[in-house]
Amino acid sequence: MTDIAADRARLLDLITDLAVVRGRVTLSSGAEADYYVDLRRITLHHEASPLVGRVMLDLLRREGLVPGIEAVGGLTLGADPVADAVLHASAAAGEGIDAFVVRKEAKAHGLQRRIEGPDVEGRRVVVLEDTSTTGGSVLTACEALREAGAEIAAVAVIVHRSEQSRRAVEAAGYRYLYAYELSELGL
């Protein structure tokens, strides 16, 4: 088994063991489900976070985006640890991909920035999220990035949760990528 195959397998085990919560929940979309995939239990976990970085970086490589993209990030909070993990994995691999954070709204003080981190103007970026149900968060981030002058190469999530999200992202004109499908989690 290659290193990335072992990383993918281990991350999948951790997602299944730590992030899949069974029981009736109401999703951000308002829909109800019999399970919840709480990927913050993964993206903020000491063993899983480095795996997230390597698996997502591998996804971007396989999709022909690395080399070429210059930064990754998305709407705070779900995207922050994913972007940080990719930043560290890319640095370890000598690829130097920056990270950014998109605020829900611009700060009312200081530099009044909506996008924190290195400037994205004129840069090719990938919008990240841990998972997406409706596409709302990633599309909000895409809008802010377009306004800031970034070129959006794709949207990428760790777990593909819904076709609604994929359709919304693709209807907005963006590539939709994911590392895992729900079926791989036994859901």
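On a predicted model such as this, the values are computed, not experimentally measured, just so you know. (Residues numbered from 1 in each chain as written. Predicted model: local features only at pLDDT ≥ 70, side-chain atom pairs only at ≥ 80, totals over all residues. Heavy atoms only, no water.)

Once that is clear, we can look at the environment of Val 101. Assignment of secondary structure puts Val 101 in strand S4 (residues 98-102). Judged by its relative accessible area of 26%, Val 101 falls in the partly exposed class. A sequence separation of 18 residues divides Val 101 from Ala 83, and the C-alpha atoms of the two residues are 8.3 Å apart. Apart from the residues lying within four places of it in its own chain, the contact partners of Val 101 are Gly 74, Thr 76, Asp 80, Arg 114, Ile 115 and Glu 116. (Helix = DSSP H or I, 4+ residues; strand = E, 2+ residues; numbered from the N terminus. Buried < 20%, exposed > 50% of the residue type's maximum accessible area, 1.4 Å probe, protein only. Contact = heavy atoms within 4.5 Å.)

With that settled, consider the sheet that holds S4. Spatial strand order, S5-S4-S3-S6-S7-S8: six strands in an open sheet with mixed pairing. The open sheet has two edge strands with one neighbour each: strand S5 (115-116) and strand S8 (176-181). Bridge analysis of S4 against S5 gives two bridges, and the strand direction is antiparallel. By the bridge assignment for S5, Val 101 is matched with Glu 116. Set on the sheet, helix H3 (residues 48-62) makes contact with strand S3 (71-75), strand S6 (124-132), strand S7 (151-160) and S8; between it and S8 the angle comes to about 135°. Along the sheet, helix H5 (residues 136-147) contacts S3, S4, S5, S6 and S7; its crossing angle with S6, the most-contacted strand, is approximately 160°. (Pairing = 2+ DSSP bridges. Axes fitted to C-alpha atoms, helices over the stretch in contact; angles between N-to-C directions.)

Once that is clear, we can look at the nonpolar core. Formed by 41 residues in total, the largest nonpolar core has its most connected members in Ile 15 and Met 56. Of all the elements in the fold, those that place two or more residues in this core are helix H1 (3-19), strand S2 (32-37), H3, helix H4 (80-92), S6, S7 and S8. Sort the elements by how many residues they give to this core and H3 lands first, with eight residues. Every residue in contact with Met 56, bar those within four places of it in the chain, is listed here: Val 82, Val 86, Leu 128, Ala 156, Val 157, Ile 158 and Ala 179. One finds Leu 75, Val 138, Ala 141 and Cys 142 within the second-largest nonpolar core, a separate group that totals 20 residues. (Core = buried A, V, L, I, M, F, W, Y, C linked by side-chain atoms within 4.5 Å.)

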